[in-house]
Amino acid sequence: MTSPEQSLEHLRAQIDDIDEQFVKLLAKRSELTRRVGEIKSQTGMPIYVPEREAQLLADRMQEAEQAGVSPALIEDLLRRIMRESYQTQTARYLCVNPDIKKVVVIGGKGALGRVFVQLFERSGYPVEVLEKDDWPEADRILAGAGLVIVSVPITLTVPVIEKLGSLPEDCVLADITSIKAKPLDAMLSAHRGPVVGLHPMFGPDAPGMVKQVVVVCDGRYPERYAWLIKQMEIWGASLHDCTAQEHDEAMAFIQVMRHFNTFVYGAHLAGESPDLKQLIVFSSPIYRLELAMVGRLFAQDPELYADIIFNNPDNIELLKRFRDRFNQAIGLLEAGDKGEFIHRFFRIGYWFGDYAKRALVDSKKLLQKADDDRTN
C-alpha cells in the first residue's frame, strides 16, 4: 500500500518533469523570438506591435478558460514571457536614415545618454559622445553631424545649447530633458535647422524603449526629423505629441508634486524614526509598494530630483495649494467632521470617474506581484 508520503513524492516528481519541459519550451520560444527580431531588424518592423500582443493574449486566455485554467494566470505568465521576448529582439534595429553620417550625444556617458548611444549604435549609426572635458574638440566632434542630442542635467541644458557653434543646417538638434519650454526656445535660437524637444518618460534602468512613453514637442521642420520619430517607433516607443507648454504644465503634476510629496513623506519618516524593518514586515502589499516608492527615491541622484523640483518657481504656488488642501483635511479631522470627509471623498471619486475602477483592477495585479515577492 502506497503511503501518503510516497504519493506526494510521486506527484512532485511529475510536477518537476512538467517544469523541466516548461523550461525547454521557453528556451525554444526564446530562440524563435530572437529570429523574429532578426527579421524585424531587416524590414524595420517595430519591436512592439500592440495589436499582435492583444490578440495573442486574448486567444491564449480563451483557450485557458476552455481548458479549465485561470485566464488571469495565463495572462500573467504571457506578459512576463513577452517582456523577456522583447529583449531578445533588440540586438539590432533597422537604420531608418543611413545617410546620417554621425550622431552626437552630448552627455552620452551619463545614465540616460548611454541608453540613447546604445540604441543608435544597435541601429547602425556612427555615434560620438561629447562630454564636458571635450569642449575644446567640440567643433571637430560636431562637424558633419546629422543629429545632435543634448542629454545633460536640467540646469546645464540651456547653457550647453547656447555653447553650440554653427551646426550643419540639415542637422537635427534635440534635447531629452524633463522640461521642454526653455530648452526648446534655446535650441530654436541656437540653430536654424530642424529642432525637436523630447522627453523620454523612463529612467536609465529601463532596458530599452519597448512600451516606453516619449513626449515629442515640435520645434521646427518636423518633416526633417520624421526619420528620428520613425526610428523611435521601431525601437518600440509610444510617442505622444504636445506643445512644450502643455508638457511642462503636466510635468508639474506628474513629476514635481509627486517627487516633492515623496520627499516630505521620507523626511517625516526619518524625523519620526519608526522601526523601518517592522513597518515593512507589518505592511500589506499596497503599503509595501508605497513604502518602496518612497525608498526608491532616496536611492537615486538627489541632484536630479532637486533640479526637477527647483527648476520652475511656478511650482511653488502649486505646492502651496497642495499644502492648503492638506491643512483643510487636517481641519476636518480636528473638527471630527466625518460626514464632510465622506462627502469630499465621493466628490473626488466622481472627478476620477471610470479611471478609479480601472486603477483598482490594475493595482490588484501589482499587489499580487508584490505579494509573490514577499520573503520572510
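Please refer to the structure placed before this passage.
Remember, predicted model here, so these are calculated numbers, not experimental data.

**Observations regarding the overall build of the protein chain**
Regarding its fold elements, the protein chain presents 15 helices and seven strands. Across its three principal axes, the protein chain shows a C-alpha extent of roughly 85 × 65 × 35 Å. The 376 residues of the protein chain split such that 34% are buried. Nonlocal contacts in the protein chain, meaning residues at least 24 apart in sequence, comprise 68% of its contacts between residues at least 6 apart. Of the roughly 23800 Å² that the protein chain leaves accessible, carbon and sulfur atoms contribute 58%. Here the protein chain contributes 45 positive and 54 negative side-chain charges, whose respective centroids are spaced 1 Å apart.

**Observations regarding the nonpolar core**
In this structure, Phe120, Leu147, Val196, Leu198, Met209, Leu228 and Met232 are the most contacted members of the largest nonpolar core, which totals 40 residues. One finds Ala145, Val150, Ala181 and Cys217 within the second-largest nonpolar core, a separate group that totals 25 residues.

**Points about the packing of aromatic side chains**
Across all of its chains, the model carries ten aromatic pairs by this definition. Both rings, one in phenylalanine 120 and one in tyrosine 125, keep their centres 5.6 Å apart while their planes meet at 80 degrees; by these two values the pair is edge-to-face. Both residues of the pair, phenylalanine 120 and tyrosine 125, belong to the buried class. Sitting above the plane of the tyrosine 221 ring, arginine 224 keeps its charged end 4.0 Å from the centroid.

**Considering the pattern of salt bridges**
What the rule picks out here adds up to 14 salt bridges. Between arginine 344 and glutamate 340 there is a salt bridge, and its shortest N-O distance comes to 2.9 Å. Of the two residues, arginine 344 and glutamate 340 both sit in helix α14 (residues 338-352), four residues apart, roughly one turn of that helix. For glutamate 340, a relative accessible area of 25% corresponds to the partly exposed category. Each of Glu53, Glu75, Arg79 and Lys211 takes part in salt bridges that share partners, so that together they form one network.

**Notes on the pairing of strand β5 (residues 195-200)**
Across the six residues that make up β5, a large majority, six, are buried. On β5, burial covers both faces: Val195, Gly197 and His199 on one face and Val196, Leu198 and Pro200 on the other are all buried. Inspection of the sheet shows strand β4 (residues 172-175) paired to β5 by three bridges, in the parallel sense. Opposite leucine 173, over in β5, you have valine 195 as the bridge partner. Once you follow β4 into helix α7 (residues 181-190) and on to β5, the crossover reads as right-handed. Of the strand pairs in this sheet, β5 and strand β6 (residues 213-220) are connected by six bridges, and their pairing is antiparallel. Looking at the pairing, glycine 197 lines up with cysteine 217 of β6.

**Let's talk about the side chain of histidine 259**
Residue placement: histidine 259 occurs in helix α9 (residues 244-272). When neighbours within four sequence positions are excluded, histidine 259 is seen to be in contact with Leu297, Tyr305, Ile308 and Ile309.

Reading guide: rules and limits
- Residues numbered from 1 in each chain as written.
- Predicted model: local features only at pLDDT ≥ 70, side-chain atom pairs only at ≥ 80, totals over all residues.
- Heavy atoms only, no water.
- Helix = DSSP H or I, 4+ residues; strand = E, 2+ residues; numbered from the N terminus.
- Buried < 20%, exposed > 50% of the residue type's maximum accessible area, 1.4 Å probe, protein only.
- Contact = heavy atoms within 4.5 Å.
- Areas by Shrake-Rupley, 256 points an atom, 1.4 Å probe, with all protein chains shown as cover.
- Lys, Arg positive; Asp, Glu negative; His and termini not counted.
- Charge placed at Lys NZ, Arg CZ, Asp CG, Glu CD.
- Core = buried A, V, L, I, M, F, W, Y, C linked by side-chain atoms within 4.5 Å.
- Phe/Tyr/Trp six-rings, centres within 6.5 Å; stacked < 30°, edge-to-face > 60°.
- Lys NZ or Arg CZ within 6 Å of the ring centre and 35° of its normal.
- Salt bridge = Lys/Arg side-chain N within 4 Å of Asp/Glu carboxyl O.
- Pairing = 2+ DSSP bridges.
- Right-handed = clockwise from strand over helix to strand, strands pointing away.

Function cannot be read off these values alone, since they describe shape.
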